[in-house]
Number of protein chains: 2
Amino acid sequence: MAQNDTVKVIGSWSSPFALRARVALHLKSVKYEYLDEPYVLKSKSELLIKSNPIHKKVPVLIHGDVSICESLNIVQYVDEAWPSDPSILPSQPYDRASARFWAQYVDDKCFGSLDAVAGAKDDEGRKAAAGKLMECLGILEETFQKSSKGLGFFGGENIGYIDIACGTLLGPISVIEAFSGVKFLQEETTPGLMKWAERFRTHEAVNPYMPSVEELVAFAKQKFSIQ
Amino acid sequence: MAQNDTVKVIGSWSSPFALRARVALHLKSVKYEYLDEPYVLKSKSELLIKSNPIHKKVPVLIHGDVSICESLNIVQYVDEAWPSDPSILPSQPYDRASARFWAQYVDDKCFGSLDAVAGAKDDEGRKAAAGKLMECLGILEETFQKSSKGLGFFGGENIGYIDIACGTLLGPISVIEAFSGVKFLQEETTPGLMKWAERFRTHEAVNPYMPSVEELVAFAKQKFSIQ
């Protein structure tokens, strides 16, 4: 266990996964030092390599003498290591299982489709991947309608685990929308998610850490050398 | 939440993931009805489709009126819904985060490599994937040496979350060993895991649900139409 209480986060301003760690810590009012890992291919900081030797990826939460890696894992750790309110995961076993299920769905299926859209080799592949992403968002819309009960967030009136998981989709989706001209979040197909997205972006625990669409688009252009 | 206490598991005798759910329930002494979903392509039971509409995969745990899907999610649910001893996850936040990290490593990296070995199109691809799998098992060996502290299981003297996650690798590895003639678990490279594997297979919560290598090899031959 941590022998001291210093908290650090190694993140990257453009990383949707690092955002998860920061939102969780903000919700728990945990003070921490933020260390931005510059996005430079093939050159990672010694601290990152030492504290996440397996994946060598951000985010990493350093709590005293221990490091916690993988963004959803960090969010759960934050909820358990600082158990005071607000809770990030629900309290009942079934609701917790449901939250974990949908968070995993976001990482496996939604990010899988997003990567496929971004990495498609031709128009046909891109169209198929975009269709799959739309389908995933449709499923999330249904889940949101059922689970939010008109209260604004996936788990009800407060931002929680599924919101934090899903919220990380917003940046990448807005970049893909900007490049492709296709709207993935639409009033016709995902009206609940449209309003939820605005509520999430402007939430006081999210807003300070969420880059603007313009910043993300400029970053993507630079990263992929797009004129 | 569950309005009654009936417990059912939809599994498949050859599924390493269904094994996880059964081991967890056995550890908690939970009585349940086991429903074996026959492995028939393109034909799944109505109950499976209804209770896991997103992935349509085993295992599913049906507890009263609710269904819980995804094997690691089920194991965590079982630990939380039946909180009496023995605990499956450790009690301390960092140990819990570490257990979740390694369980995810097994699903992402180890099963990813296993699938790559099984699905390789040629010898070169198979050799590369086998090397990656060896590397993953080497990392698990290191983790086992550090975390078990000579007590037999990943978390110490009792079988726990990482054991249940890793244990599901044993069946698929033994099948690939049988087909390829390559030994992935070896005295030279993974001495700790070799002994742990025997301890896991023969554990009273595992043994009744773990098919023999012969059964799995015969099943794989039938599944892939190998003479």
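Computed from a predicted model, the values in this text were never measured in an experiment.

A. Local environment of the nonpolar core. Within the largest apolar cluster, 67 residues are counted, with the highest numbers of intra-cluster contacts made by L25, L61, L140 and W196 of chain B. The element that contributes the greatest number of residues to this core is helix α4 (residues 93-119) of chain B, accounting for ten residues. Sequence-distant contacts of L140 of chain B, that is, excluding residues within four places in its chain, are made with W102, Y105, V106, C110, F154, C166, L169 and L193 of chain B. Within the second largest apolar cluster, 66 residues are counted, among which are V7, A21, V23 and V117 of chain A.

B. Quick look at the UniProt feature "domain: GST C-terminal" (unreviewed entry) in chain A. Using the residue numbers shown here, the UniProt feature "domain: GST C-terminal" (unreviewed entry) corresponds to residues 92-224 of chain A. With 70% helix and 0% strand, the stretch residues 92-224 of chain A has end C-alpha atoms that lie 44 Å from each other.

C. Structural view of the pairing of strand β1 (residues 7-11) of chain B. Residues and elements named next belong to chain B. Counting buried positions over the five residues of β1 gives four, a clear majority of the element. Here β1 pairs with strand β3 (residues 60-63) via four bridges, running antiparallel. Note that in β3 the partner of V9 across the bridge is L61. Relative to strand β2 (residues 33-36), β1 runs parallel, the two sharing four bridges. For K8, the partnering residue across the bridge sits in β2 and is E33. The handedness of the β1 to β2 crossover, carried by helix α1 (residues 16-27), is right-handed.

D. Layout of the interface of chain A and chain B. Facing 25 residues of chain A, the contacting portion of chain B comprises 25 residues. Approximately 2,300 Å² of surface area, both sides summed, lies buried where chain A meets chain B, with 67% of it carried by carbon and sulfur atoms. Linking chain A with chain B are four salt bridges. For E80 of chain A, the salt bridge is made with R96 of chain B, and the minimal N-O distance between the two is 2.9 Å. Counting only elements with at least two residues in the side of chain A that touches chain B, the list comes to β4 (66-69), α3 (71-81) and α4 (93-119) of chain A. For the side of chain A that touches chain B, the leading source of residues is α4 of chain A, giving ten residues. Its residues placed into classes, the side of chain A that touches chain B shows 14 nonpolar, six polar and five charged.

E. Region of interest: the relation of the copies chain A and chain B. When chain A is fitted to chain B, the best match, at an RMSD of 0.0 Å, comes from turning it 180° and sliding it 0.0 Å along the axis. On this basis, the relationship between the two copies can be described by a two-fold rotation axis.

Conventions and cut-offs
- Residues numbered from 1 in each chain as written.
- Chains lettered and ligands numbered in written order.
- Predicted model: local features only at pLDDT ≥ 70, side-chain atom pairs only at ≥ 80, totals over all residues.
- Heavy atoms only, no water.
- Core = buried A, V, L, I, M, F, W, Y, C linked by side-chain atoms within 4.5 Å.
- Buried < 20%, exposed > 50% of the residue type's maximum accessible area, 1.4 Å probe, protein only.
- Helix = DSSP H or I, 4+ residues; strand = E, 2+ residues; numbered from the N terminus.
- Contact = heavy atoms within 4.5 Å.
- UniProt positions renumbered as here; feature names shortened; annotations may be inferred.
- Pairing = 2+ DSSP bridges.
- Right-handed = clockwise from strand over helix to strand, strands pointing away.
- Buried area = accessible area lost by both parts, 1.4 Å probe.
- Salt bridge = Lys/Arg side-chain N within 4 Å of Asp/Glu carboxyl O.
- Nonpolar A, V, L, I, M, F, W, Y, C, P; charged D, E, K, R; others polar.
- Least-squares fit on C-alpha atoms with pLDDT ≥ 70 in both.

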